[in-house]
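Structural overview
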Amino acid sequence: MASLAIARKHHLLSSLFHGFRCRSLRSHRTITTGRLSFSTSTSTSPADTEIPVSRTKVLETFKEEFEIGSRLITLETGKIARFANGAVTLSMDDTTVLSTVCSAKGDVVRDFLPLTVDYQEKQFAQGVIPGTYMRREGAPKERELLCGRLIDRPIRPLFPAGFYHEVQVMASVLSSDGKQDPDVMAANATSAALMLSDIPWDGPIGMIRVGRIDGHLVVNPSMDELNLSDLNLVYACTRDKTMMIDVQAHEISEKDLQAAFRFAHPQAVKFIEPQLKLAAKAGKQKKEYKLSLVSERTMDKIRNLTEANIEAIFTDPSYGKFERGEALDKIGQDVKGILEEEGDEESLKVLSKTVDTVRKQVVRKRIITEGFRLDGRRLDDVRPLYCEAGNLPGLHGSALFSRGDTQVLCTVTLGAPGDAQRLNSVVGPPTKRFMLHYSFPPYCINEVGKRTGLNRREVGHGTLAEKALLAVLPPELDFPYTVRINSEVMGSDGSTSMATVSGGSLALMDAGIPLRDHVAGLSVGLVTEVDSSTGNVVQYRILTDILGLEDHLGDIDFKIAGTRNGITAIQLDIKPAGIPLDIICESLEPAYKGRLQILEHMEQEINAARNRDGRNSPRLVTLKYSNDDLRRLIGPLGALKMKIEEETGARMSVSDGTLTIVANNQSVMERVQEKVDLIIGRAIEVGGVYKGIVTSIKEYGAFVEFNGGQHGLLHVSELSHEPVSRISDVISVGQQLSLMCIGQDLHGNIKLSLKATLPQKTKKVDVVEGSINLSKQKPDSCTPGKDSPTQQENPNFSVKDSTQDTDTSTKLNSSYSSMSPIVIRSAVECDEEEKSAGLSSSLENNSSPKPQRAPKSKSSKKPKTSKSLTNSSDSGLLSPKKAQIAKPVLTEKREYDGDNYTNSESDEEHESKVEGPVDAKKLKLGVKVTAKILQVRAHGLVLDLGGGIKGMYRFQSGGKREFEVGNEVQAQCISFTCKGIPVMSIIQDD
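A brief structural summary.

The rules behind each value
Residues numbered from 1 in each chain as written. Predicted model: local features only at pLDDT ≥ 70, side-chain atom pairs only at ≥ 80, totals over all residues. Heavy atoms only, no water. Helix = DSSP H or I, 4+ residues; strand = E, 2+ residues; numbered from the N terminus. Buried < 20%, exposed > 50% of the residue type's maximum accessible area, 1.4 Å probe, protein only. Contact = heavy atoms within 4.5 Å. Areas by Shrake-Rupley, 256 points an atom, 1.4 Å probe, with all protein chains shown as cover. Phe/Tyr/Trp six-rings, centres within 6.5 Å; stacked < 30°, edge-to-face > 60°. Pairing = 2+ DSSP bridges. Axes fitted to C-alpha atoms, helices over the stretch in contact; angles between N-to-C directions. Salt bridge = Lys/Arg side-chain N within 4 Å of Asp/Glu carboxyl O.

What follows covers the overall build of the protein. Across its full length, the protein holds 23 helices and 39 strands. Residue burial in the protein is summarised as follows: out of 990 residues, 45% are buried. Counted over contacts in the protein with a minimum sequence separation of 6, partners at least 24 positions apart contribute 67%. With an accessible surface of roughly 51,700 Å², the protein has 51% of that area assigned to carbon and sulfur atoms.

Structural data, given as structure tokens:
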């Protein structure tokens, strides 16, 4: 039964498959429709009847290739984005850009053209995955907004008047090799896409980039060539008129700039012919769109009602910006009431735009015929100026600049190189160390509004001012700071971006940044009268320093910024369908004259970088370290670096072998450098002063960690100019000290000194009756000789009372006034000490003549010595026995209690004997032990002190005796080497 069911199942499946195959074969056919075609094979071979054959889509594409400069450019359509109204890809080398245009279908009542241009650079174009958390592109970046504006500005004036349908342009970078900037390519691709679409547009346009290297103009320069160029000119035009100009330059003269304009125009025109050919092959027929035009009857009616009143307002220079605006609004409201009474709905719909057209005609006519402007100025007059640098003294730099009613407040903030802005662009540098952020708040025009994200207008104005100032900044090697200018518009009545240039220049100099020269800017306007039949300009007037209303009612907004030596930035926006290049070149001269007037006022306020050497000015230090040291400074996940920044408020940035610190003032900088020195350290030099922390204290001194982990010995003799009986009385574990490096011992250990950093005190005391008269004793190494300068220069040497030393009641002879301070007891005290210490016999034994120094063995290695009392008598120091004899007189008495020494009235308990095995804790200065001789060397003995501890005994000069290995001797600890090895003295039998 199971086999029968399976057989039936296979039979049903084969029948279904056979029926489906027959139906699919009968449905195959060939389709050819214009640009799209499908084809199949009609062969009836057995193989073809069993396997369906897939159809092949054939895409009909159109391509135009041409060459500009030395680069091959390709325009192509029909392959991708076929549903768009117009779509074109433009390729140059390995960079490809796609531009598409679409138009809304509905007829919405508007009085403006809602044109949107979106430019996007996705990271796949350069083979990179975005570094964001979501690994996706986010909001548009500044560069994308700027490239969108670059496309928008030349194409917007070419849409026909009254065309108010929504149009969207989307330009995307498909691939980029980093050699060519895609912005100019996207503009030309957009022009070609508009020509292919059915949208009415009076194009095409051509856009070209021109550079200048060593005085020679270069077409389509690569990014590497732009880095060498002193000119970055982007020029857009039709066949005979200029549409848009954007310039960044290094103080190029007006004459050279005109030559660049005239060179760029024919190069840009080369883009126009290929677009026309491509449109002839693949373009759509232009669609008839409804245009929102005002009828002649409505225009004449509203003109008759408003022209006289508008003319009266514009001829009265006493009106301010807001007074003039309120008066014009009142005229509109009066006309609206009249039309409502008449019931003229057609005129009410276009009232606002018609009144604006009448205002424009009145203003332009008065400027053309009479040469007077709204505020009564002549055509080439600059408004009154006000400059103030340093108006906010608490900031790094600040300035307030006013030109008429336009006012901006500029502030400068300096930061570390690590504060530079990171750019994720397909071309250009990865970071930007100079930033200018322009802000246009609603209150500057007395309006209500809310702040949003990046605004195209604010980004464009800020970038223009940034390019103008970038040319005069010092090189990065001379001035490594990251600089940010923030421009807040306090009042707007025309050309706030150029006011930002002037205010930013003042603020930079107030911050102490050594600019090459001041930069100023202003905006030039143009009013033309055009022959309606031919479209040629009949008359025109060039206006210097235009008002906001003159910008709105005029034909161009020509922003020009520069120094006395030349132009640094230009931005030209045109409202009509192009302006002749000759008029554009003529506008450069009045702009130069107006710029000189502004520069003169700015130089009167501040003409050089302000001196910022005060302790409140920012500081920047660049230090060189190894990468291992920098890793220790950063710490795990940057925790140590962030902790230092939080504690001090400074900013640190780390690069390959370089540490840059930026602090708000000098005191903060010193605190940061101290912390960095404690972690990393710096090169150790003899005589250098370093800060360190005491890690441990021994009887012979203290070990100090300093200079980023280095260890050194601070010997007890280097603690103070005064005798130190107990180290813990002077320093403690964990204490931070400023120490001087005084050298290294034979083993390379670093020796430190605290007293070298302290001022030396000179004590003067008188000799009193009953004290020892040291002047009658034989001079030695501690006593001034006969040739003492004090005695030679002042024979009548006298002693004066002194109260400088109040710690002791002892007195000294005047000849010892320049000695290092020592404690001198009276004769009675000395006798008592000698009796209590049993030193009379020792004095008799030491009264014999000193033996001669034994010759050194050349074959023996020089042993390590310490600054102790074991040195020979030739060095001016006492032998161990002499040190014991002098101790009751020269030092305090101390008692050893098992762990530490304590002061005591007698010195007998100081020299204690250890019973039993010796360990490191029991072995202290003055402790007597029974030692066993392990080795006999040329200069001393190696002793076994017990408990695994070894000590050393150095033969005294001429005092070498016969010693044998294995003999036991009584030894006393008299000092320790810097490595902690005990130095012993042999105790003679009585």
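Next up on the list: the packing of aromatic side chains. Across all of its chains, the model carries ten aromatic pairs by this definition. Between F66 and F271 the ring centres are 5.6 Å apart and the planes differ by 85°, which places this aromatic pair in the edge-to-face class. Of this pair, F66 sits in strand β4 (residues 62–68) while F271 sits in the loop between α6 (254–269) and α7 (272–282), placing them 205 residues apart in sequence. For F271, a relative accessible area of 4% corresponds to the buried category. Ring centres of F479 and Y481 lie 4.7 Å apart, and the angle between their planes is 40°; this geometry places the pair in the tilted category. For Y481, a relative accessible area of 12% gives the class buried. An aromatic cluster of at least three residues, connected via ring pairs, comprises F159, F163 and Y289.

Moving on: the sheet that holds strand β32 (residues 750–753). Taken in spatial order, the five strands line up as β28-β29-β30-β32-β31 and close into a barrel, and their pairing is mixed. Adjacent strand axes in the sheet meet at a mean angle of 55° when their direction is disregarded. Where strand β29 (residues 701–706) lies against strand β30 (residues 710–715), six bridges are found, and the strand directions are antiparallel. Residue pairing across strands places E705 opposite H711, the latter belonging to β30.

On to the pattern of salt bridges. When the charged atoms of two side chains lie near each other, side chains of opposite charge can form a pair. In this structure the tally under the stated criterion is 45 salt bridges. Between D300 and R303 there is a salt bridge, with its nearest N and O atoms 2.9 Å apart. Of this pair, D300 and R303 both sit in helix α8 (residues 296–314), three residues apart, roughly one helical turn. Across the pair D551 and K575 runs a salt bridge, and its minimum N-O distance is 3.3 Å. Here K575 lies in the loop between β24 (567–574) and α15 (581–586) and D551 lies in helix α14 (residues 548–553), a separation of 24 residues in the sequence. Several salt bridges share partner residues, and in doing so they unite E121, R143, D181, D183 and R209 into one network.

Turning our eyes to something else, we now look at the sheet that holds strand β21 (residues 520–530). Sheet strands pair via backbone hydrogen bonds, and the direction of the pair is either parallel or antiparallel. Strand order in the open sheet formed by eight strands is β11-β10-β12-β13-β24-β23-β21-β22, with antiparallel pairing between adjacent strands. Edge positions in the sheet fall to β11 (216–219) and β22 (537–544), since each has one partner strand and no second. Averaged over all pairs of adjacent strands, the angle between strand axes in this sheet comes to 20°, irrespective of strand direction. In the sheet, strand β10 (residues 206–213) pairs with strand β12 (residues 231–237) via six bridges, with the strands oriented antiparallel. Bridge pairing links G206 to C237 in β12. The sheet contacts of helix α12 (residues 456–470) involve β13 (242–252), β23 (556–562) and β24, and relative to β24 the element is tilted by about 155°. Running at roughly 150° to β21, helix α16 (residues 588–605) makes contact with β21, β22, β23 and β24 of the sheet.

No statement about biological role is implied by the geometric values presented.
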